[in-house]
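Read off the chains here:
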Amino acid sequence: MLRGSINSPGGASKAPVDASGTLLARVSVDGKFFRAGARKFHPKGVAYGPFAPSADGEVYASREQTARDFAQIRELGANLIRLYAVPPRWLLDLAHAMNLRVLLDVPWNKRGCFLENEASREQVRRMIREAAFACARHPATFALSVVNELPPDIVRWHGTAAVEAFLDELARAVKAVAPDCLCTFGNYPTTEFLHPRGIDFHCFNVYLHDPRALRNYLSRLQTLADAKPLVLGEFGMDALREGEPRQAELLGSTIEQAFRSGLAGVIAYSFTDEWFKDGRMVTDWQFGLTTAGRRPRPSLAAVQQAFRAAPYFPPRRQPRVSVVVASYNGARTLRPCLASLTALNYPDYEVILVDDGSTDNTGAVAADFSTVRYLRHEQNLGLSVARNTGIAAARGEIVAFTDVDCRADEDWLHYLVSDLVGSTFAGVGGHNLLPADDSWVAAAVLVSPGGPAHVMLTDRVAEHLPGCNMAFWKWALLEVSGFDPAFRKAGDDVDICWRVQHCGHQLGFSPAGFVWHARRSTVRAYLKQQHGYGEAEALLARKHPEYFNPLGGSLWRGRIYSPTHVGLLTRRPMIYRGRFGGGLFQSLYTASPSFALMVVTSLEYHVFVTLPLLVLSTLFRWLLPVALASALVSMGVCALAAAQAELPRRRHRMWSRPLVGLLFMLQPVVRGWARYQGRLFLRQTPLARHENLDSLSRDRLHHRPREIRFEDPAALGREGFLRGILDRLEREGWQHRIDSGWGGFDVEVYGNRWSKLQLTTVSEQTDDGRLRLRCRLRNRWTLPARLTFWLAAAVALLGAAAARDRSAWYGLLLLAPLGAVALFRRDQRRLRRIFAVFLDEVGHSLGLKSELDRNSEPSVQAAPTPAEATPPAPCA
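Residues numbered from 1 in each chain as written. Predicted model: local features only at pLDDT ≥ 70, side-chain atom pairs only at ≥ 80, totals over all residues. Heavy atoms only, no water.

Quick notes on the pairing of strand 23 (residues 469–473)
Most of strand 23 is tucked away: 5 of the 5 residues are buried. With burial as the criterion, each face of strand 23 is covered, one bearing N469, A471 and W473 and the other bearing M470 and F472. Sheet topology note: the strand 17 (residues 398–403)/strand 23 ladder contains 5 bridges and is antiparallel. Considered in strand 23, the bridge of V399 is made with F472. With 3 bridges joining them, strand 19 (residues 427–429) and strand 23 adopt antiparallel strand pairing. By the bridge assignment, G429 is partnered in strand 23 with M470. (Buried < 20%, exposed > 50% of the residue type's maximum accessible area, 1.4 Å probe, protein only. Helix = DSSP H or I, 4+ residues; strand = E, 2+ residues; numbered from the N terminus. Pairing = 2+ DSSP bridges.)

Here it is in structure tokens:
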């Protein structure tokens with residue numbers, strides 16, 4: 001049994017200290033959390049001050065009182081204080097000596113129109129620089145907040161974009177003084193739409209007293225924070241109006257809910273009732289954990305208890321988890337992957353490595369990890385089969401999956417399992433983040449199209465989870481018969497998510513359960529990956545056509561959350577501000593990226609627009625500018641997409657955006673070509689395999705009915721008839737798909753490369769009271785047939801245009817499309833004839849009596865089939 005090393009309560013949140021208690025390491029961002037040296041740092045803080053000015057103008061208590069306060073704060077279990085005025089040096093030294101870190105809000109006149117002129121801007125910059133010089137490089141400083149709670153009317157007056165740009169400018173001013181100092185700003189629901197890019201983490205002040213509302217809003221904030229840490233910067237309750245018992249209950253439950261929601265830290269407001277604001281002492285609010293005289297309230301004990309348990313509040317139960325890693329020649333990244341998986345903070349889990357026929361030293365690397373269960377395929381069977389092998393060997397109630405090029409955060413399973421156990425989800429997933437040591441090329445790949453991303457229906461419910469970070473109840477995987485072996489390289493995660501949802505289950509998202517996922521570090525490797533994704537899309541489009549458009553592009557109901565913009569941003573976000581700009585919750589509604597403009601980068605656009613224009617321009621010179629304009633439009637859209645890409649700040653090079661633009665140009669072509677290769681050359685079951693004596697005899701009689709009718713004396717009904725059809729289709733190996741609810745047919749059956757057939761059924765009652773089932777057979781062209789026809793038509797037209805009056809023989813090219821149509825019609829008639837016999841046999845086996853179609857010739861009755869149809873597994 002593998003067991004992770006869970007830290008003692010509160011232990012993971014302490015920074016490393018030496019024998020004298022001196023803090024050693026500056027805090028840095030580590031994915032969705034913070035890290036001080038080798039250990040995580042979870043801010044557990046209280047707001048402190050400001051107090052009435054002393055004789056020397058300081059808005060803090062005396063050194064003696066401050067020392068007593070800090071001692072009480074340390075007994076509380078806190079490791080951070082939030083200050084609202086630049087402190088004197090002695091206060092920072094005292095905090096450092098007592099192992100307290102400091103989050104400083106730099107005060108300046110935020111209620112004035114600070115962007116009106118350069119003088120007011122410079123005044124703010126100067127105050128930020130002075131605070132940075134005074135505090136940012138001090139070892140006790142955790143972070144600087146460049147402003148706290150901007151008034152919404154001021155933001156509306158200046159404009160959201162201008163304010164965000166100024167906040168980024170202030171963050172750069174801090175970084176210029178202390179590059180390693182973290183920066184943020186104090187936000188709150190009234191300006192939740194502010195999203196400056198230059199901050200290191202999000203800090204929100206939230207005062208919600210209803211637990212359900214708080215949980216929902218924290219989920220929303222996690223969505224807004226995306227891949228950055230989220231800190232609850234202020235929360236509290238007025239004991240004067242709500243009562244001390246209620247205050248204690250709320251503060252304890254808020255701390256627990258915040259850490260269960262995956263927040264990086266919390267700061268309670270405030271340590272004491274003593275509060276000096278706007279030139280006077282505030283006496284009609286009592287938010288303190290202590291009174292102005294430092295008498296502890298019940299809330300102090302409640303916060304102390306919650307801080308001791310934080311950040312690891314265990315779920316109601318901790319079932320065993322089996323972590324499955326499939327590897328094919330992945331030895332290069334296998335060691336750090338397994339090292340991370342064998343050091344997880346979870347009490348009961350196992351790691352299963354499935355070696356899918358690797359020819360490198362995967363086995364030798366695995367041998368260095370004695371607690372890892374090693375399973376090997378003698379030949380490469382594909383990703384889905386490898387994962388199914390892991391599922392079959394799993395001993396846990398939950399099966400989690402990650403990839404060999406990933407490193408799991410130590411709390412990965414803690415958060416995934418907590419969100420899975422505490423909900424009705426059948427599966428959950430989380431972020432996959434770029435490792436800090438990845439190259440600048442990998443950073444460019446991160447913001448290029450086609451990377452692994454999650455798709456969200458709401459702030460908690462997901463439509464798709466990337467395969468590198470997902471976990472399911474084992475029963476849910478068995479219910480859908482595991483992964484489809486057809487998906488050898490990619491697409492398995494998309495297919496499993498859709499099939500689980502087809503069974504009526506939901507998928508969830510765990511924002512704190514993340515893994516570090518290495519991106520492709522060369523252009524060649526990236527394009528090879530995209531080619532594999534295109535092949536997988538061809539398989540998915542055949543299996544789940546309702547999720548794809550006619551060109552084979554995927555259709556999602558939810559919103560794609562990815563470091564790259566899937567389309568171009570052509571419209572500004574809308575902000576609900578409330579009446580006169582005074583709404584308490586002013587939400588941002590971001591317009592979806594425009595996919596229409598991205599069409600000009602697609603393979604179809606190049607083949608059917610730009611290329612024909614270039615060819616025709618050799619005959620008609622006046623078309624050359626149009627052809628060049630078409631090509632320039634494609635390049636311009638790629639350049640604009642590269643300009644909108646949000647590159648990681650520390651891995652931004654001069655060539656980063658040109659490379660992103662190039663990848664935006666190449667990716668749709670490579671992926672689209674692979675998708676068409678799969679759809680055009682997909683191996684199909686020969687139609688001759690389904691021929692029998694009855695179908696051959698009908699061929700001699702030219703019997704190809706468009707409608708078949710059955711009498712239903714036993715009242716089997718459409719549902720029973722269709723179940724029998726589907727069961728026999730599966731047993732005989734017919735390629736088919738079932739209507740998803742959006743089509744006008746029941747089942748679509750594929751014949752050969754050129755034809756498919758749609759079956760529509762109806763149940764009716766005749767005038768004499770008899771029940772009758774009617775089956776309508778409609779032929780349709782497949783994608784290869786459509787492309788072949790239009791290609792033949794284009795060649796014929798180009799040939800005729802090139803010939804002009806030189807030869808009448810070129811006119812014969814116009815017969816090519818007609819020949820294609822004749823070929824397709826012959827295959828359609830054959831498919832309809834064979835499938836009509838198939839339906840007769842199914843009907844006979846179910847006790848239905850076939851009638852003669854009035855518009856067809858008599859058929860030869862099929863021989864009785866003794867096998868009774870049974871319904872297929874509902875979600876297999």
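Some points on the sheet that holds strand 22 (residues 461–464)
In spatial order, the strands read 16-15-14-17-23-19-24-22-21-26; together these 10 strands make up an open sheet with mixed pairing. In the strand order of this sheet, the two ends are held by strand 16 (372–377) and strand 26 (559–561), each with one partner. Between one strand and the next, the sheet's axes are offset by a mean angle of 30 degrees, whatever the strand orientation. The pairing of strand 21 (residues 454–456) with strand 26 spans 3 bridges and is antiparallel. Following the sheet pairing, M456 is matched in strand 26 by R559. (Axes fitted to C-alpha atoms, helices over the stretch in contact; angles between N-to-C directions.)

A look at the confidence of the model for the chain
Across the chain, pLDDT averages 86, with 85% of residues at or above 70. In this model residues 1–23 is a low-confidence stretch, pLDDT under 50, and it forms 60 contacts with partners more than four residues away in sequence or in other chains. Within the model, the stretch residues 852–874 combines pLDDT values under 50 with 38 contacts to residues more than four positions away or in other chains. (pLDDT = per-residue confidence, 0-100. Contact = heavy atoms within 4.5 Å.)

Quick notes on the sheet that holds strand 18 (residues 406–408)
Strand order in the open sheet formed by 3 strands is 18-25-20, and the pairing between neighbours is mixed. Of all strands in the sheet, those with a lone pairing partner are strand 18 and strand 20 (432–433), marking the two edges. Here strand 18 pairs with strand 25 (residues 515–517) via 3 bridges, running antiparallel. From the neighbouring strand, R407 faces strand 25, where its bridge partner is W516.

Regarding the packing of aromatic side chains
Per the counting criterion, the structure on display carries 29 aromatic pairs. Aromatic pair W781 and F824: ring centres 5.1 Å apart, planes at 75 degrees, arrangement edge-to-face. Here the residue W781 occupies a position in strand 33 (residues 771–781), and F824 occupies one in helix 24 (residues 815–845), the gap between them amounting to 43 residues. Take W781: its relative accessible area is 24%, and that puts it in the partly exposed class. Each member of the aromatic cluster is reached from another via a ring pair, and the members are Y84, Y207, Y269, W275, W285 and F287. Residue placement shows R294 over the ring face of F51; its charged tip is 5.4 Å from the ring centre. (Phe/Tyr/Trp six-rings, centres within 6.5 Å; stacked < 30°, edge-to-face > 60°. Lys NZ or Arg CZ within 6 Å of the ring centre and 35° of its normal.)

Quick word on the environment of G262
Note on placement: G262 falls in the loop between helix 8 (244–260) and strand 11 (265–268). When the C-alpha positions of G262 and D419 are compared, they lie 9.7 Å apart, and in sequence the two are 157 residues distant. Setting aside chain neighbours within four positions, we find G262 in contact with F33, Q222, Y415 and A512.

Regarding the state of the cysteines
According to the stated counting rule, one finds 0 disulfides in the structure shown. Note on C181: no disulfide assigned, nearest cysteine sulfur contributed by C183 at a separation of 5.4 Å. Note on C181: relative accessible area 0%, which makes it buried. By relative accessible area, which is 0% here, C183 ends up buried. (Disulfide = S-S within 2.5 Å.)

So, the packing of helix 1 (residues 63–76) against helix 2 (residues 89–97)
At a minimum axis separation of 11 Å, helix 1 and helix 2 run at an interaxial angle of 30 degrees. Relative to helix 2, the element helix 1 is oriented roughly parallel. Here the hand of the crossing between helix 1 and helix 2 comes out right-handed. Residues R63, T66, A67 and F70 of helix 1 pack against W90, L91, L94 and A95 of helix 2. When the residues that make up the contact of helix 1 with helix 2 are grouped by side-chain class, the tally is 6 nonpolar, 1 polar and 1 charged. (Parallel < 35°, antiparallel > 145°, perpendicular 65-115°, else oblique. Left-handed = near helix turned anticlockwise from the far one by under 90°. Nonpolar A, V, L, I, M, F, W, Y, C, P; charged D, E, K, R; others polar.)

Brief notes about the pattern of salt bridges
Evaluation of the coordinates by the stated rule reveals 51 salt bridges. One salt bridge in this structure joins R317 and E397, with 3.0 Å as the shortest N-O distance. Note that R317 is positioned in the loop between helix 9 (298–309) and strand 14 (321–327) and E397 in the loop between helix 12 (383–393) and strand 17, a separation of 80 residues in sequence. Overall, the relative accessible area of 37% leaves R317 in the partly exposed class. (Salt bridge = Lys/Arg side-chain N within 4 Å of Asp/Glu carboxyl O.)

Focus: the nonpolar core
The biggest cluster of nonpolar side chains holds 79 residues, and the ones touching the most others in it are Y48, F70, I73, I81, W108, I128 and L150. With 8 residues, the single largest contributor to this core is helix 5 (residues 160–177). Contact partners of Y48, with chain neighbours within four places excluded, come to Y60, A61, T66, D69, F70, I73, I81, R82, L83, Y84 and F271. Judged by nonpolar contacts, the second largest core, of 35 residues, contains L338, A408, L413 and A471. (Core = buried A, V, L, I, M, F, W, Y, C linked by side-chain atoms within 4.5 Å.)

A word on unusual backbone geometry
Here Y269 and S270 are connected by a cis peptide whose omega angle stands at -5 degrees. Considering the arrangement of structural elements, one finds S270 in the loop between strand 11 and strand 12 (276–277). Between A310 and the following residue, P311, the backbone shows a cis peptide bond with an omega angle of 5 degrees. Along the polypeptide, P311 turns up in the loop between helix 9 and strand 14.

A look at a nonpolar patch on the surface
Together, W440, M654 and W655 make up an exposed nonpolar region whose accessible area comes to about 400 Å². Checked against the element boundaries, M654 lands in the loop between helix 19 (624–644) and helix 20 (656–680). (Patch = residues over 30% accessible without salt bridge, like charges linked within 9 Å, V, L, I, M, F, W, Y side chains within 5 Å. Areas by Shrake-Rupley, 256 points an atom, 1.4 Å probe, with all protein chains shown as cover.)

Looking at the side chain of S219
Mapped onto the secondary structure, S219 falls in helix 6 (residues 211–225). For S219, a relative accessible area of 12% puts it in the buried group. Engagement of the side chain of S219 in a polar contact is seen with the side chain of R460, the distance being 3.4 Å. Filtering out sequence-adjacent residues up to four positions away, S219 remains in contact with D459 and R460. (Polar contact = N/O pair within 3.5 Å; in protein donor to acceptor, adjacent residues only side chain to side chain.)

A short note on the environment of P139
The residue P139 is located in the loop between helix 3 (118–136) and strand 7 (141–148) in this model. You can call P139 partly exposed: its relative accessible area is 38%. For the pair formed by P139 and R101, sequence separation is 38 residues and the distance between their alpha carbons is 8.2 Å.

Some remarks on the packing of helix 18 (residues 603–617) against helix 19
At a closest axis distance of 8 Å, the pairing of helix 18 and helix 19 adopts a crossing angle of 150 degrees. Classified by the angle their axes make, helix 18 and helix 19 are roughly antiparallel. Crossing handedness for the pair helix 18 and helix 19: left-handed. Here Y605, H606, V609, T610, L613, L614 and S617 of helix 18 lie close against helix 19, whose contacting residues are L624, V626, A627, S630, A631 and S634. Residues that form the contact of helix 18 with helix 19 fall into these classes: 8 nonpolar, 5 polar and no charged.

Structural notes on helix 9
In this model helix 9 runs 17 Å from its N-terminal to its C-terminal C-alpha over 12 residues, within 8% of the 16 Å that 1.5 Å per residue would give. Taken as a whole, helix 9 has its buried residues at S299, L300, A302, V303, A306 and F307. What you see down the axis of helix 9 is that its buried residues fit within an arc of 165 degrees, all on one side. Pointing more than 90 degrees away from the buried face of helix 9 are the exposed residues Q305 and R308. Looking at the buried residues of helix 9, the elements they touch are strand 4 (44–48), helix 1, helix 8 and strand 11. (Expected span 1.5 Å × (residues − 1). Arc of directions from axis to C-beta.)

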